[in-house]
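# Chains, contacts and geometry: an overview
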Amino acid sequence: MKRNALAGAVVSALGLLAGSEAHAAAFALYEHGVSGLGNAYAGAAAVAEDATTVWWNPAGMARLGSGKHFVIGGSFISPSTKFSDNGSVRGTGSNAAFTGSGGDAGKDALVPNMFFAMDLSPQWSFGVGVSVPFGLKTEYESNWIGRFQGISSKVETLNINPSVSYKLSDTASVGGGINYQRGKVDILTGVNLAQIAPGLEGQNKINVDGDAWGFNFGGLFNVTPVTRVGIHYRSSLKYELEGNTSFSGVPAAAVAADPRLRDGNVRLDLKTPDSLSFSAAHRMNERLDLLADLTWWHWSKIKQLPVVRTDGAISGNALSTLTFNFDDTWRASIGANYKLNGPWTLKLGAAYDQTPVPNAESRTVRLPDNDRYWLSAGAAYQVSRVGKLDFGYTLVTARNADINNVQNTASPLQANGNIIGTYKAHVHVLGVQYQHSF
């Protein structure tokens, strides 16, 4: 009865499939530095503006100049995700009074980051980045109609990315890095116990964590004196998430009769999608720079994700195999920087971000994702010869996302209920960053 909700909860968390309102498509977070936020991260693999290039394209470290470069910043993300019911069916025998729409499921989060880069020789540079690639929290009201498919998810991740770059010439450089990523997920879902007594319900908690390794590499090239192009690849990461599951509100007799309701250990193995970015930066004149980016995401490698027990008599049994059938996607962005007289530079940008969710039947309450549109603005202020402040704001608006989640069973009425309706979502992102060279 809990199985698809369990899988959906775990999958929709961790840097793998983060909370439903990670503001990029599916579950990625883009806030790896604020200097690109005002441009919607257009040209991110080409600009090499500061030490955040460790994440976007490590080849850019060769273009930062001699000395040491340090960046620290953070982004405040405020999402809104609201569900409108259009004929959902509550779980069989569940409490008839619990039919709410769940309230606003989006929860605010602060996403920090820190980057450092330095030259080792005229050709070699080294850098390291610490950032949050996936995260946020989603939480519905505990008595909403979809509680048997998900109530809350809390995700915490951390990525550490040491990198090196090599300057081939004054117009070409290459670079690469290793990524260590750690993630922790806490989730809560309702359990329908109507087969024991009409209206009886419990809850299930799942706590899993794990780590994964990956890599990234890229190149940066001046095709003309005023035009720079970058290409950057970031690999998939293979996670082996392990932890425990526990139930509350379940009578002891029910636990004894049904091993699926027992506390115990669980495991979920999955791979994150790899990505490939193409960026360009063109200087129109001394004041105006134009930026563009096109990024491909290999979401289609995520098809079915089984969650299995790892102890007791039911060890090795799949709690569920949740089918996503994701499609590959593209994210396209354009932007511009305009340098004013004095210390200020203004930034603008826009982006279109495809969703990998193929249709309403594949959409889940923990990942009610759809295509997104970015409108971004920001500014940079040169505090001193060696210090700069960056500010950025982005409004992300998602297309209305229909859900017709009848995948849990072939029956029109079942323990988890059928969620049918429409999601409306938007996200506000506000960031500030300080960079210092010495």
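### Considerations on the overall build of the protein chain
Check the secondary structure of the protein chain and you find 4 helices and 21 strands. What you see for the protein chain is a C-alpha radius of gyration of 23 Å, in line with the 22 Å of a compact globule of 438 residues. A principal-axis box enclosing the C-alpha atoms of the protein chain has dimensions of 75 × 40 × 35 Å. Across the 438 residues that make up the protein chain, the buried fraction comes to 54%. Of all intrachain contacts in the protein chain linking residues separated by at least 6 positions in sequence, the fraction that spans at least 24 positions is 73%.

### Here's the deal with the confidence of the model for the protein chain
The predicted coordinates of low-pLDDT regions are not to be read in fine detail. A residue-level look at the protein chain finds 91% of positions with pLDDT of 70 or above and a mean pLDDT of 88. Predicted confidence for residues 1–21 stays below pLDDT 50, and this span has 111 contacts to residues more than four positions away or in other chains. Confidence drops under pLDDT 50 across residues 407–413; counting only partners more than four residues distant or on other chains, this segment forms 15 contacts.

### Examining the nonpolar core
Ranked by size, the top nonpolar core spans 50 residues in total, and within it Tyr-41, Ile-77, Ile-302, Phe-326 and Trp-374 carry the most contacts. In terms of residue count, strand β3 (residues 109–119) provides more of this core than any other element does, 4 residues in total. Among the nonpolar cores identified, the runner-up in size contains 10 residues, and Phe-83, Tyr-140, Ile-145 and Tyr-423 belong to it.

### Re the pairing of strand β7 (residues 172–192)
Across the 21 residues of β7, 15 count as buried, placing the element largely inside the fold. Counting the residues between successive antiparallel strands, the hairpin from strand β6 (residues 152–169) to β7 contains 2 residues. Two strands pair when backbone bridges link them, and β7 and strand β8 (residues 201–224) are joined in this way by 21 bridges, in the antiparallel orientation. What sits directly across from Ser-173, in β8, is Leu-220.

Conventions used here
- Residue numbers run consecutively from 1 along every chain, following the written order of its sequence.
- Only residues with pLDDT of at least 70 get local features here, since the model is predicted, and only at 80 or more are side-chain atom pairs given and counted; chain-wide, interface and lining totals rely on the full set of residues.
- As a rule here, side-chain values come from all non-hydrogen atoms in the structure, and water together with hydrogens is ignored.
- Helix and strand definitions here come from DSSP, where helices need a minimum of 4 consecutive H or I residues and strands a minimum of 2 consecutive E residues; each element is numbered from the N-terminal end.
- Note that the radius of gyration is over C-alpha atoms, with the globule rule given as 2.2 Å times the number of residues to the power 0.38.
- To sort residues, take the accessible area from a 1.4 Å probe on protein chains only and compare it with the maximum for the residue type: under 20% means buried, over 50% means exposed, and anything in between is partly exposed.
- We call two residues in contact when some of their heavy atoms are within 4.5 Å.
- Each residue carries a pLDDT value, the predictor's own confidence for that position, ranging from 0 to 100.
- Nonpolar cores were defined as sets of buried Ala, Val, Leu, Ile, Met, Phe, Trp, Tyr and Cys residues, with membership established by side-chain atoms within 4.5 Å.
- Between any two strands, pairing holds if DSSP finds at least two bridges.

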